[in-house]
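Structural overview
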Amino acid sequence: MNKKLLYLIVILFILQNVHAQVKVSGIVVDEQSDPVPFANVVFKGSIEGTISDENGRFYLQSNIPYKELLVSFLGFQTKVIRLESRNYDLNIVLVESRNELNEVKLYSGKIKKKGNPAIAILKQIWKKKRKNGIYLYDRYEYDKYEKIEFDLNNVDEKLKNSKVFKGMEFVFDQVDTSAITGKAYLPVFINESVYKTYGRNVFPKKKNDQLVANKNSGFSENQALIAFVKQLYVEYDIYDNYIKLFDKSFSSPLSKLGPEIYNYVLTDSSFIDNKWCYNILFYPRRKNELTFKGDFWVNDTTFAIKEIQMHASKNANINWVKEIYLEQYFKVLNDTVFLLKRDYLMSDFALNKKEKTKGVYGKRTTLYDNHVFNVKRPEFNYKEDVVEKEEIFQRTDAYWSKNRQESLSKDEVEIYKMLDTLQNIKRFKELIVVSEILTSGYWNVARGFDFGPIFSTIGFNDIEGLRLRLGGRTYFSQSDKWRVKGFLAYGFGDKKFKYGIEGKWLVEPKNRLILSIGNRRDIEQLAVSLTTANDVLDRSFATTSIFTRGDNTKLSNINLLNVKATFEPFKNLNFRISSTYKTIKSAAPELFNIDYIDEDGNLQSDINQVDVNFAAQYTPNRKAYGFGVDRGVSNHGRFPTFFFSYTKGIKGAFNSDFDYHKLQFFYQQPILIGVFGRLVTTAEFGKTFNPVPLSLLNVVPGNQTYFTSRKLFDLLDYYEFVTDTYASLHIEHNFNGRLFSKIPFLRKLQWRELVGIRGVVGSISNENIAINASDIIYRAPEKLYWEYHFGIGNIFKLFRIDFEYRGSYRDVPNATNFAIKGGFGFYF
């Protein structure tokens, strides 16, 4: 045979097999056509497989052209299906097995624990619980490669023909099919990062992921969007009792509580990396709990997990996420030590969980290699970089080819080309603008200038009436070393203009030394926070609330000038030194006065005050992103906050009226309590020394809006309690639907139970009472004031309703002893 012809035949054969794929989808049912959930579906002669979902549906694909499919489940006969290259919408009927052993083990849809070989293996896993090798040495380092991708899914002809993609129809040439869900998807963003990680397990413990290279395409400038996805996918350990995702604690299938939560089935055994391994399938015993279904392979002698694949239960009480899929592959060093080799997590974000709802895949692939242990490195290796290095974002294609631990597929290479082309398409630029508005609140109207915050444009209160606000900021890039923000507002009720402006400059990036100066003339509700910060452009929500109860005329005119320096000598430890000059007077003296008697016995209505302030804030485990003067936080609500403040009032400087000292402390701690939900505790303490008027005292914050707020007392009016010494505690627990999931008619609504209690105790000195000449009669909660609430959250995934009850001071004139309040938020 001609050699060229032979070569051609060989090449065609190779190409055929490279592109040959077998794709299978369908539903597994029993003889009565009822779905069989959690059935094991695997290509015959392989370990490639999946598990049918709660509705019996499955999807499976492979680049190897397998010819047969095995479908099995306890209590049924194993079925062999002959395959073609594509087999969609198969209807696989399993016939009930007459094997008496199976009938004994299968009981009311649940598998008995007694005598189950899978649980016997699980107990061996617990006995030899693995430890991640990086935590067994004093020091460690490794190379990490991370790839994040966004894809539009459920792509169909309707989407292709929509006006959104007018002028961008060529992008649909890149539509592919998910190997996990079988849905058609279109990539819209890809980001790659290479890190060198240094860690130290001896005191002081540190871990630093040094960013070495970064490359992205798509929504490349939207760092907030990138950080949002990264913070969703936190690191987890499958050997822990709980796996934390989206601020929820999912029960791990390897947990010691597993047999009470999961069914386990020993389904197969095979060699993996020359090690004999068992395959164990697991699925939840009950619905609507935060659980997984999937399978894992475990070695028969070391009982170390070699690989695991998990799908979150589709009926789990979690919002905006239709599908969660995780897989991990491990490199086992010895009987007790493992190293994570590959970690993959995919989420399907969608408005609802209907099968054909369009959504967005968020994918993260992380690979680890080149581990080195107990090599002492210079101290700077363990510290986070705070200076952006341009070369990180300018690596060559040759560099990426060498340093990717996993080569890009042909489709992923094409994604880069397609997304780079999109950067010049007008419609795509418009989509980027929309995403930036939604994530930042600002609209980039010209190079270097953003309009916003857009959501603060319109407001209302009893003094200003309708209020219109125009604001903006300078913005050239995420890494701007300086920034100016400002606004101009007009109230149609008081017919007055207000303004605010602030400039900040990042002087020294290493310790994040930032200098700022700002001035604001505005109307403000001062009685809505115990812990004060004197931030120039911040304005309380109570000042602009449209929906309020009772009298909302107790507002003040303020003129605030602030000069400030902040620096961060250690990660997440921030110090602030500032000086403030402010004047305060009533916004409507005929309705609300803040008068006081000065030391000469004269009645005064205005306050002139100069003070200096030192504050420190520590936020351990906070993850900030960005290198500029403004940084974002990617894991809001997941870390504790400690805040301390000391303020010294200086009498005489620029005609300042008062000499006083003020100490304040604030502490907030969120805690995930396994399957029982999330607890948030907030404590505040403070004292003001020397007599001062109403506007400088510590007013217990009331809430006269119809919306609940975590740090306020929802049943108090503004200025109902006034103190110079106080201690307050707020506790709220969200059960995440744990109780409602037990009630059949409430289970489908996926509501969440909320309970909380708030309390404050304080005092007011006779000296402060003596100088008071305002409309407010000072009353302090010397006997504990407390209120409690029960609520229902996650109504339509966005709203909450709280039933609020006052526990003390119920006989006070005009007291609000009960109220129904609402809330709004974006919750997973």
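Residues numbered from 1 in each chain as written. Predicted model: local features only at pLDDT ≥ 70, side-chain atom pairs only at ≥ 80, totals over all residues. Heavy atoms only, no water.

**Focus on the overall build of the chain**
Counting secondary structure elements, the chain contains 11 helices and 47 strands. Counting only residues that meet the buried cut, the chain has 52% of its 828 residues in that class. (Helix = DSSP H or I, 4+ residues; strand = E, 2+ residues; numbered from the N terminus. Buried < 20%, exposed > 50% of the residue type's maximum accessible area, 1.4 Å probe, protein only.)

**Re the nonpolar core**
Ranked by size, the top nonpolar core spans 45 residues in total, and within it Ile-125, Ile-238, Leu-245, Phe-292, Phe-296, Ile-305 and Ile-324 carry the most contacts. For this core, the leading source of residues is helix α3 (residues 117-127), giving six residues. Excluding residues within four positions of it along the chain, Ile-305 makes contact with Ile-125, Ile-238, Tyr-239, Leu-254, Phe-296, Trp-297, Val-298, Phe-330 and Val-332. Residues Ile-51, Phe-58, Ile-92 and Tyr-283 belong to the second largest nonpolar core, which totals 26 residues. (Core = buried A, V, L, I, M, F, W, Y, C linked by side-chain atoms within 4.5 Å. Contact = heavy atoms within 4.5 Å.)

**Digging into the packing of aromatic side chains**
The description of an aromatic ring pair rests on the distance of the ring centres and on the angle between the ring planes. For the structure shown, the criterion picks out 36 aromatic pairs. With 6.1 Å between their ring centres and 55° between their planes, Phe-476 and Trp-482 make a pair best called tilted. On the accessibility criterion, Phe-476 (40% relative accessible area) is partly exposed. Given the relative accessible area of 43%, Trp-482 is considered partly exposed. Note on Phe-721 and Tyr-809: the rings are 5.1 Å apart at their centroids and 70° apart in plane angle, and the pair reads as edge-to-face. Residue Phe-721 is located in the loop between β41 (698-699) and β42 (722-723), and its partner Tyr-809 is located in the loop between β46 (799-806) and β47 (818-824); the two are separated by 88 residues in the primary sequence. Both residues of the pair, Phe-721 and Tyr-809, count as buried. Taken together, the aromatic side chains of Trp-786, Tyr-788, Phe-790, Tyr-805 and Phe-818 make up a single cluster linked through ring pairs. Over the face of the ring belonging to Phe-676 we find Arg-738, whose NZ or CZ atom lies 5.4 Å from the ring centre. (Phe/Tyr/Trp six-rings, centres within 6.5 Å; stacked < 30°, edge-to-face > 60°. Lys NZ or Arg CZ within 6 Å of the ring centre and 35° of its normal.)

**A word on the pairing of strand β2 (residues 40-43)**
On any regular strand, side chains alternate: one points to one face of the sheet, the next to the other face. Of the two faces of β2, both are covered, the one formed by Asn-40 and Val-42 as well as the one formed by Val-41 and Phe-43. Of the strand pairs in this sheet, β2 and strand β3 (residues 49-51) are connected by three bridges, and their pairing is antiparallel. Considered in β3, the bridge of Asn-40 is made with Ile-51. Counted along the chain from β2 to the antiparallel partner β3, the turn is five residues long, and its residue Gly-45 has a positive phi close to 80°. Alignment of β2 against strand β5 (residues 68-72), held across four bridges, turns out to be antiparallel. Bridge pairing in β5 places Val-42 opposite Leu-70. (Pairing = 2+ DSSP bridges.)

**Comments concerning the sheet that holds strand β6 (residues 79-82)**
Pairing within the open sheet is antiparallel, and its four strands lie in the order β3-β2-β5-β6. Unpaired on one side and paired on the other, β3 and β6 mark the two borders of the sheet. Neighbour to neighbour, the strand axes of the sheet diverge by 20° on average, direction disregarded. Sheet topology places β5 next to β6; four bridges connect them, and they run antiparallel. When the bridges of β6 are listed, Val-71 appears paired with Lys-79. (Axes fitted to C-alpha atoms, helices over the stretch in contact; angles between N-to-C directions.)

**Here we look at the side chain of Ser-313**
Position of Ser-313 among the secondary structure elements: in the loop between β20 (305-312) and β21 (321-332). Side-chain polar atoms of Ser-313 contact the side chain of Thr-291, separated by 2.9 Å. Excluding residues within four positions of it along the chain, Ser-313 makes contact with Glu-54, Pro-284, Glu-289, Thr-291 and Phe-292. (Polar contact = N/O pair within 3.5 Å; in protein donor to acceptor, adjacent residues only side chain to side chain.)

**Quick word on unusual backbone geometry**
The phi angle of most residues is negative, glycine excepted, and most peptide bonds adopt the trans form. Residue Pro-204 is bonded to the preceding Phe-203 through a cis peptide linkage, with omega at -10°. Relative to the assigned elements, Pro-204 resides in the loop between β13 (184-200) and β14 (206-217). Each neighbour pair has its own omega, and for Gly-452 with Pro-453 the value is -5°, a cis peptide bond. With respect to the element layout, Pro-453 can be found in the loop between β25 (448-451) and β26 (458-461). Of note in the backbone geometry, Phe-303 takes a positive phi value of approximately 55° without being a glycine. Mapped onto the secondary structure, Phe-303 falls in the loop between β19 (292-299) and β20. Judged by relative accessible area, Phe-303 falls into the buried class, the value being 12%. Of note in this structure, Tyr-719 is not a glycine but carries a positive phi near 65°. Mapping Tyr-719 onto the fold places it in the loop between β41 and β42. Its relative accessible area of 4% is what places Tyr-719 among the buried residues.

**Some words on helix α9 (residues 426-440)**
Compared with the 21 Å implied by 1.5 Å per residue over 15 residues, the 21 Å span of α9 between its first and last C-alpha is a close match. Every buried residue belonging to α9 is among Phe-428, Ile-432, Ser-435 and Ile-437, and all of these are buried. Downstream of α9 by one or two residues, Gly-441 has phi in the positive range, about 85°. (Expected span 1.5 Å × (residues − 1).)

**Re α3**
Within the span of α3, buried status applies to Ala-118, Ile-119, Ile-121, Leu-122, Ile-125 and Trp-126. One side of α3 holds all its buried residues, which, seen down the axis, span an arc of 155°. Looking at the packing, one finds that the buried side of α3 touches α6 (258-261), β17 (262-272), β18 (275-284), β19 and β20. Its side-chain oxygen 2.9 Å from the backbone nitrogen of Ala-118, Asn-116 forms the N-cap of α3. (Arc of directions from axis to C-beta.)

**Looking at the pattern of salt bridges**
If you walk through the whole model with that rule in mind, you get 41 salt bridges. When the shortest N-O distance is used, the salt bridge between Glu-568 and Arg-622 registers 3.8 Å. In this pair, Glu-568 is assigned in strand β31 (residues 556-570) and Arg-622 in the loop between β35 (607-618) and β36 (624-625), connecting sequence segments 54 residues apart. Take Glu-568 and Arg-622: they sit in the same class, and that class is buried. Connected through shared salt-bridge partners, Glu-464, Arg-467, Asp-494, Lys-498, Arg-520, Asp-522 and Glu-524 make up one network. (Salt bridge = Lys/Arg side-chain N within 4 Å of Asp/Glu carboxyl O.)

**A closer look at the side chain of Thr-457**
Its location among the elements puts Thr-457 in the loop between β25 and β26. At a separation of 2.7 Å, a polar atom in the side chain of Thr-457 contacts the main-chain carbonyl oxygen of Ile-454.

**Examining the environment of Pro-117**
Mapped onto the fold, Pro-117 is located in helix α3. Residue Pro-117 is classed as partly exposed on the basis of its relative accessible area of 33%.

**Looking at the confidence of the model for the chain**
Here the chain averages 84 in pLDDT, and 88% of its residues register 70 or above. Contacts for the low-pLDDT stretch residues 1-20, under 50 throughout, to residues beyond four places or in other chains number six contacts. Of the regions scoring below 50 in pLDDT, residues 99-108 engages in 15 contacts with residues more than four places distant in sequence or in other chains. (pLDDT = per-residue confidence, 0-100.)

**A look at a nonpolar patch on the surface**
On the surface, Phe-476, Trp-482, Val-484, Leu-488, Phe-497, Tyr-499, Ile-501, Trp-505, Val-507 and Leu-515 cluster together into a nonpolar patch covering about 940 Å² of accessible area. By residue number, the principal contributor to the nonpolar patch is strand β29 (residues 496-508), which donates five residues. (Patch = residues over 30% accessible without salt bridge, like charges linked within 9 Å, V, L, I, M, F, W, Y side chains within 5 Å. Areas by Shrake-Rupley, 256 points an atom, 1.4 Å probe, with all protein chains shown as cover.)

**Considerations on the environment of Ala-350**
If you trace the backbone, Ala-350 turns up in strand β22 (residues 337-350). Along the sequence, Ala-350 and Tyr-361 sit 11 residues apart, while their C-alpha atoms lie 8.9 Å from each other. Setting aside chain neighbours within four positions, we find Ala-350 in contact with Trp-320, Val-321, Lys-322, Thr-357, Lys-358 and Gly-359.

**Things to note about the pairing of strand β11 (residues 139-153)**
For β11, the tally of buried residues reaches 13 of 15 residues, placing the bulk of the element in the interior. As defined by bridge partners, β11 adjoins β13 across 15 bridges and the pair is classed as antiparallel. Note on β13: the bridge partner recorded for Asp-143 is Lys-196. Of the strand pairs in this sheet, β11 and strand β23 (residues 359-373) are connected by 12 bridges, and their pairing is antiparallel. Bridging across to β23, Tyr-140 finds its partner in Phe-373.

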